Amino acid sequence: MGGDLAGRHHVCSRRCAHGFLPPFRRSAEPAYGHARRRRPRAGPRGRQLVGGIGRSGRRTAPQPGCAHRAVGRPRTVDRGDLRHRTARSRDRRALPGSRRPSRRADGAAHRVGRGGRTQPDHRARRGGAGADVDERTVSDRGVRSAADHRAGHRRNCIDNRLDQHVVRATPDGQHVTARLLVRGGHVFDPIGGTAGPADVVVEGARIVDVGVGLDGDTAIDATGRLVVPGFIDCHVHVLLDDVDTLRLLQTPLSLRFFQAARNLRLTLRAGVTTIRDAAGADLGVKQALAAGLIDGPDMQIAIGMLSQTGGHGDEWLPTGECVHALWPPYPGRPSTVVDGVDEMRRAVRELVRAGADVIKVATTGGVISPRSDPRRAQLAEEELAVMMAEARAAHLHVMAHAQGAQGVKNAVRAGVRSIEHGVYLDDEAVDMMVKNGTWLVPTLSAPHAILRQADTSGGIADSTREKAAAALEAHEASVRLAHAAGVRIAMGTDAGISRHGENLRELELMNRLGISAVDALRAASTAAAELLDAGADIGELCPGKRADMVILEGPEISVEQLPERVRTVIHRGTVVA
Ligand SMILES: [Zn+2]
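Computed from a prediction, not measured in an experiment: that's the story for all the values here.

Let us now look at the sheet that holds strand 16 (residues 397-404). The parallel open sheet is built from six strands, whose spatial order is 14-15-16-17-18-19. What marks the edges here is a single partner per strand, and that holds for strand 14 (305-306) and strand 19 (488-489). As judged from the three bridges shared by strand 17 (residues 418-424) and strand 18 (residues 439-441), these two strands associate in the parallel manner. By the bridge assignment, Glu-420 is partnered in strand 18 with Val-441.

Okay, here's the thing in structure tokens:
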């Protein structure tokens, strides 16, 4: 992976609209410029595809094909916002380390000139004060660590802040400031279900413009490629590599966190820029990401899964031992096996206290729990009611692991936001989901993955293999039924049971069940963003939204061989793969 990246480390030393240092007066026609935008060209390509920031600084009116028509309308970005960002970025750009021009492998500094071509940057060879600064490590002065601290702090969110890091440290230790131009790709609009030729301009962690004939400091050539919003996976377990009980019992608890760091990196490189962890990851994992200690997507966490005795989260074995192979309780992850309203109330409160972004509950048995039946409903109505009351009090949604129809109905009636898996749906359950606006996160990848593991490792119980085999056909029929009835579907993979980094296979599986490529892509973009209550921030490529995007080989809107088509991944405005 890598994409055609030209001059991405260029740092301007002229004063521009963003307030960079002025060794020279700005000429009337700068050789390059941060804020310069060409007028849209006349003719068929002259049409602005989506609303952008016009010359007046106000976002232009949405045009035909615009992603803003219906839902997920982005906040207006006006010049005031840009000024605010400019002022703040000026402060940061005054840091000595932020002026360093990048160098290619041959050591030559380079920049992107007109037309995006890389040009040698002779200024960097002149020596003098600027060059001295270039050669010094900023951390010697304690400056970079302060900048990094601020950048890390700003990343700690899935919220709606427009202003993000404009100066960032790259893995090779350089600071970059840039308006990144993703040029000439076919930009996919999940709402309209179409793609058209357009450029995308990114500043800091945000998209600031989408249209034709745009310009930027650094460029990625996306000609002949499809540019899609960063994928969103609503059901992963980054603390799991697989469900081999024997292997898990031999794994020190701390090792699992290092494995999680690898899993997060694999997920991001696969093109998934936002995840919802459906049990396993705790607040420390989320904070490690936010602080920049590890690389990975933005994440929401459930921490644990509420379950009754004998339920899907109860790891009791017929020997009488309860081994905690999958979900060992520890200070960051409270025990979540509960019986009765009092225990339920306490457990939800403990999860909220531990930092959960969403409450996860199992209202049926499951496949990987050795003694539970996926078809049977679990937890009583009053237990679910108190769970909902506590979740609402904490302003959190509830996601329900639910496979059998009765457990699905109980969860929908209680008011959960999403049904996870939904293996044995019936007409009544589907009707209830449509009426209540309940989401389905199918995780079609999961039973396939369990059967594969059962063939290759010794730690999968026979009962688990049998339950997975029995679920396959019913699962597919249920997803078809739900889709036909108009149930809202968001992508989730159960990665951790399926392989991390192969998340996009889920969209191929959806497509094979008759879900169109456009609907599958929506399930991993706008729909998933809405499920995660993050629609104002992610899921589309338009001004004001977070610069999370994936460049796919070929311009066609298709999900066949999707993982193989990933060429470049941009997360929060930074090229990460
Ligand atoms: Zn799961």
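With that out of the way, let us pick up the nonpolar core. Core analysis: the largest hydrophobic core is formed by 76 residues, its most contacted members being Phe-231, Val-238, Leu-306, Ile-359, Met-387, Ile-419 and Leu-507. Here this core gathers at least three residues from each of two domains, domain 1 (4-228) and domain 2 (231-538). If we ignore the near neighbours within four places in the chain, the residues touching Ile-419 are Ala-400, Ala-402, Val-408, Ala-411, Val-412, Met-433, Thr-438, Trp-439, Leu-440 and Val-441. Core analysis: the second largest hydrophobic core is formed by 18 residues, Leu-240, Leu-248, Ile-460 and Ala-468 among them.

The subject of this paragraph is the sheet that holds strand 12 (residues 272-277). The three strands lie next to each other as 11-12-13, forming an open sheet whose pairing is parallel. What marks the edges here is a single partner per strand, and that holds for strand 11 (231-236) and strand 13 (298-301). Averaged over neighbouring strand pairs, the angle between their axes works out to 15° when direction is ignored.

The subject of this paragraph is the confidence of the model for the chain. When the pLDDT values of the chain are averaged, the result is 77; 69% of them are 70 or greater. Note that residues 1-166 has pLDDT below 50 and, in this model, 350 contacts with residues that lie over four places away or in other chains.

One pass over the full model with this rule turns up one aromatic pair. Ring geometry for Phe-257 against Tyr-330: centres 5.9 Å apart, planes inclined by 90°, an arrangement best described as edge-to-face. Of the two residues, Phe-257 is situated in helix 5 (residues 253-269) and Tyr-330 in the loop between strand 14 and helix 7 (340-354); the sequence distance between them amounts to 73 residues. When its relative accessible area of 26% is taken as the criterion, Phe-257 is described as partly exposed. The aromatic ring of Tyr-424 is capped on one face by Arg-375, whose charged end is 4.1 Å from the ring centroid.

Turning our attention to unusual backbone geometry. Within the chain, Ile-303 stands out as a residue other than glycine whose phi angle is a positive 70°. Its location among the elements puts Ile-303 in the loop between strand 13 and strand 14. We note that His-421 has phi near 85°; this positive angle belongs to a residue other than glycine. Considering the arrangement of structural elements, one finds His-421 in strand 17.

Bringing the environment of Val-352 into the picture now. With respect to the element layout, Val-352 can be found in helix 7. Overall, Val-352 belongs to the partly exposed group, its relative accessible area being 30%. Expressed as a C-alpha distance, the spacing of Val-352 and Leu-396, which sit 44 residues apart in the sequence, is 8.7 Å. Beyond its immediate stretch of four places on either side in the chain, Val-352 contacts Ile-359, Ala-394 and Leu-396.

This brings us to helix 11 (residues 445-456). Taking 1.5 Å per residue as the helical rise, helix 11 with its 12 residues ought to reach 16 Å, and the 17 Å between its terminal C-alpha atoms agrees with that figure. All buried positions along helix 11 are accounted for by Ser-445, Ala-446, Pro-447, Ala-449, Ile-450, Gln-453 and Ala-454. Elements in contact with the buried residues of helix 11: helix 12 (462-485) and helix 13 (505-512).

Positionally, Glu-383 belongs in helix 8 (residues 381-393). Buried and without a salt bridge, Glu-383 has Arg-345 as its closest oppositely charged side chain, separated by 11 Å. Look past the residues within four positions of Glu-383 in its chain and what remains in contact with it is Asp-339, Gly-340, Val-341 and Met-344.

Right, let's talk about the environment of Arg-452 for a bit. In this structure, Arg-452 sits in helix 11. In this structure the C-alpha to C-alpha distance between Arg-452 and Ser-498, which are 46 residues apart in sequence, comes to 9.3 Å.

Any two side chains of opposite charge can pair, on the condition that their charged atoms come close. What the rule picks out here adds up to 26 salt bridges. We note a salt bridge from Asp-537 to Arg-546, for which the minimum N-O separation is 3.5 Å. As far as the burial class goes, Asp-537 and Arg-546 line up, both buried. In this structure, a network of salt bridges that share partners links the residues Arg-206, Asp-298, Asp-537, Arg-546, Asp-548 and Arg-572.

On to the pairing of strand 17, then. Both faces of the sheet carry side chains from a regular strand, because those side chains alternate between them. Judged by how many residues are buried, strand 17 sits mostly within the fold: seven of seven residues are covered. Bridging between strand 16 and strand 17 involves five bridges; their strand directions are parallel. Bridging across to strand 17, Ala-400 finds its partner in Ile-419. Between the parallel elements strand 16 and strand 17, the chain passes through helix 9 (residues 405-414) in a crossover that is right-handed. A crossover connection joins strand 17 to the parallel strand 18 through helix 10 (residues 427-436); in handedness this β-α-β unit is right-handed.

Right, let's talk about empty space enclosed by the protein for a bit. Taken as a whole and assessed by the stated rule, the structure comprises six cavities of 30 Å³ or more. Taken as a whole, the second largest cavity spans an internal volume of roughly 220 Å³. Every residue lining the second largest cavity is counted, 22 residues in all, and those nearest its centre are His-401, Gln-403, His-421, Asp-494 and Ile-497. Elements supplying a minimum of two residues to the lining of the second largest cavity: strand 16, strand 17, helix 11 and helix 12. Class assignment for the residues of the lining of the second largest cavity results in 12 nonpolar, eight polar and two charged.

The geometry of helix 11 relative to helix 12 is characterised by a closest axis approach of 9 Å and an angle of 150° between their N-to-C directions. As summarised for this structure, helix 11 and helix 12 are arranged roughly antiparallel, according to the angle between their axes. Taken as a pair, helix 11 and helix 12 cross one another with a handedness that is left-handed. Across the interface between the two elements, Pro-447, His-448, Ile-450, Leu-451, Ala-454 and Asp-455 of helix 11 pack against Thr-464, Arg-465, Ala-468, Ala-469, Leu-472, His-475 and Glu-476 of helix 12.

A rise of 1.5 Å per residue sets the reference length of helix 5, with its 17 residues, at 24 Å; its end C-alpha atoms lie 25 Å apart and thus fit the reference within 8%. Within helix 5, the full set of buried residues consists of Arg-256, Gln-259, Ala-260, Ala-261, Asn-263, Leu-264, Thr-267 and Leu-268. Immediately beyond the C-terminal end of helix 5, within one or two residues, lies Gly-271, with a positive phi of roughly 105°.

Calculation notes
Residues numbered from 1 in each chain as written. Predicted model: local features only at pLDDT ≥ 70, side-chain atom pairs only at ≥ 80, totals over all residues. Heavy atoms only, no water. Pairing = 2+ DSSP bridges. Helix = DSSP H or I, 4+ residues; strand = E, 2+ residues; numbered from the N terminus. Core = buried A, V, L, I, M, F, W, Y, C linked by side-chain atoms within 4.5 Å. Buried < 20%, exposed > 50% of the residue type's maximum accessible area, 1.4 Å probe, protein only. Domains from an automatic or database assignment. Contact = heavy atoms within 4.5 Å. Axes fitted to C-alpha atoms, helices over the stretch in contact; angles between N-to-C directions. pLDDT = per-residue confidence, 0-100. Phe/Tyr/Trp six-rings, centres within 6.5 Å; stacked < 30°, edge-to-face > 60°. Lys NZ or Arg CZ within 6 Å of the ring centre and 35° of its normal. Expected span 1.5 Å × (residues − 1). Lys, Arg positive; Asp, Glu negative; His and termini not counted. Salt bridge = Lys/Arg side-chain N within 4 Å of Asp/Glu carboxyl O. Right-handed = clockwise from strand over helix to strand, strands pointing away. 1 Å grid on protein atoms, 1.4 Å probe; cavity = no way out; pocket = protein on both sides within 12 Å on 5 of 7 lines; lining within 4 Å. Points joined across faces, edges and corners; volume = space filled by probe spheres on them. Nonpolar A, V, L, I, M, F, W, Y, C, P; charged D, E, K, R; others polar. Parallel < 35°, antiparallel > 145°, perpendicular 65-115°, else oblique. Left-handed = near helix turned anticlockwise from the far one by under 90°.

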